[in-house]
Each structure stands twice: as C-alpha cells, then as structure tokens.
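# Descriptive analysis of the structure
Spelled out, the chains give:
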Amino acid sequence: MPRILFLNDYPMCKALSLCEAGEYPSQHLWGMRDIGHHGYEVDYFPDRTWIGQPHRARYIVQQLQAALRASGADLVYSASQHNVWLLARMRRSGLLRKPLVTMVHHPLRGLLQNRAFVRGHDKLL
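Anyway, here's the lowdown on the structure attached to this text. In every chain, residue numbers begin from 1 and rise along the written sequence. Predicted model: local features are reported for residues with pLDDT of at least 70 only, side-chain atom pairs are reported and counted for 80 or more only, and whole-chain, interface and lining totals are derived from all residues. As a convention, hydrogens and water are excluded, and side-chain values are obtained from all of the structure's heavy atoms.

Our next topic: the pairing of strand S2 (residues 41-44). Sheet topology note: the strand S1 (residues 3-7)/S2 ladder contains 4 bridges and is parallel. When the sheet's bridge partners are listed, Leu 5 is paired in S2 with Asp 43. For the handedness criterion, the strands are oriented away from the viewer, and a crossover whose path from the first strand over the helix to the second runs clockwise is classed as right-handed. What counts as a helix is a DSSP run of H or I of at least four residues, what counts as a strand is a run of E of at least two, and both are numbered from the N terminus. Between S1 and its parallel partner S2, the chain crosses via helix H1 (residues 12-20), and the hand of that crossover is right-handed. For two strands to be treated as a pair, DSSP must find no fewer than two bridges joining them.

What follows is the structure, encoded as structure tokens:
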C-alpha cells in the first residue's frame, strides 16, 4: 500500500481526531481523511509543542525531522507552502529522494526564492 507522509503548519493528528468526533470540518485535512479508501496509507507527521519558538526555527526542525521520516514514505505531501522551503531545496539537490507535493495558498515572493521553491517540487497544487 503506498504511504504518504503528510505535514502541515498546524497539528494534523489533533485535526483528524476532532474531525472524526464531528467537531471540525474535514476540508482542513486536505483530502487525507478519506484517501485510505483509495488504497493509500497516511502517516500524519507527529504533533509537537513549539512554545516560545519562532515560526522559522519551528519549520526548520519540522522539515529536518520530516526528511528523516520520509524514508518510510512513497510521497511527501504538505498542505502548507510555509513549512517545506527547506525540503524543496533538499529535493532539488538530491538529498530528499521522495517526491514532494505542496499546496500553495499564498503568492510566492522573491524571484530567486520562487525559482528554487518551484523547481524543488514534483507538483504544486
């Protein structure tokens, strides 16, 4: 069964449990809740407590951990463009060998940064 490593910039395990309890809308799981019915296994990136850490530091740690965890996945999928910029660079340089797919919600800024970000992805949604 193909395995997807799924991460976002907010806790997905908590969102999944709230969704299954009927207390949270399923669209915030970006299709991962029901993809198991189509023959995929989803590995939700574990929730972390990030009290006092700025977003940039939090995302660096998360991306390094995701790169290590990706060895057990067939695909890395992020529902946020903000927490994969390092993974995109790793993918572009060959350090991350798994396909990288990201959902883009906001305009990309900075020509050089955009080019590296886009070229480091297999697909952008």
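All right, on to the side chain of Asn 8 then. Relative to the assigned elements, Asn 8 resides in the loop between S1 and H1. The contact criterion used is simple: two residues touch if any of their non-hydrogen atoms lie within 4.5 Å. In this structure, Asn 8 is in contact with Trp 30, Gln 62, Ala 79, Ser 80 and Asn 83, ignoring residues within four places of it in sequence.

Pairing within the open sheet is parallel, and its 5 strands lie in the order S2-S1-S3-S4-S5. This sheet does not close on itself; its edge strands, each paired only once, are S2 and strand S5 (123-124). Sheet topology places strand S4 (residues 100-102) next to S5; 2 bridges connect them, and they run parallel. For Val 101, the partnering residue across the bridge sits in S5 and is Lys 123.

We call Phe, Tyr and Trp rings a pair once their centres come within 6.5 Å, taking the six-membered ring for Trp, and we label the pair stacked below 30 degrees between planes, edge-to-face above 60, and tilted otherwise. Taken as a whole, this structure holds 2 aromatic pairs when the rule is applied. Where Phe 6 meets Tyr 44, the ring centres are 5.9 Å apart and the plane angle is 80°; that geometry is what we call edge-to-face. Placement of Phe 6 in strand S1 and of Tyr 44 in strand S2 is noted, with a sequence separation of 38 residues between them. Owing to a relative accessible area of 0%, Phe 6 belongs among the buried residues under this scheme. Consider the rings of Phe 6 and Tyr 77, whose centres lie 5.3 Å apart with planes at 25°: the pair is stacked. With Phe 6 in strand S1 and Tyr 77 in strand S3 (residues 75-78), the pair connects residues that are 71 residues apart, well separated along the chain. These aromatic residues form a ring-pair network of at least three members: Phe 6, Tyr 44 and Tyr 77. Remark: exposure states derive from per-residue accessible area (1.4 Å probe, protein chains only) relative to the maximum for the residue type, with buried under 20%, exposed over 50%, and partly exposed in between.

With that settled, the discussion passes to the pattern of salt bridges. Definition used for salt bridges: Asp or Glu carboxyl oxygen within 4 Å of a side-chain nitrogen of Lys or Arg. Scanning the entire structure with this criterion turns up 4 salt bridges. A salt bridge links Glu 41 to Arg 3, with the shortest nitrogen-to-oxygen separation between them at 2.6 Å. Here Glu 41, found in strand S2, pairs with Arg 3, found in strand S1; they are 38 residues apart in sequence, far enough to count as distant. Owing to a relative accessible area of 33%, Glu 41 belongs among the partly exposed residues under this scheme. The exposure class of Arg 3 is partly exposed, given its relative accessible area of 25%. Between Arg 69 and Asp 43 there is a salt bridge, with the nearest N and O atoms lying 2.8 Å from each other. Of this pair, Arg 69 sits in helix H2 (residues 55-69) while Asp 43 sits in strand S2; the two residues are 26 residues apart in sequence, bridging distant segments of the chain. Through salt bridges with shared partners, a single network forms among Arg 3, Glu 41, Asp 43 and Arg 69.

Everything listed here is a matter of coordinates, which is why it stays silent on function.
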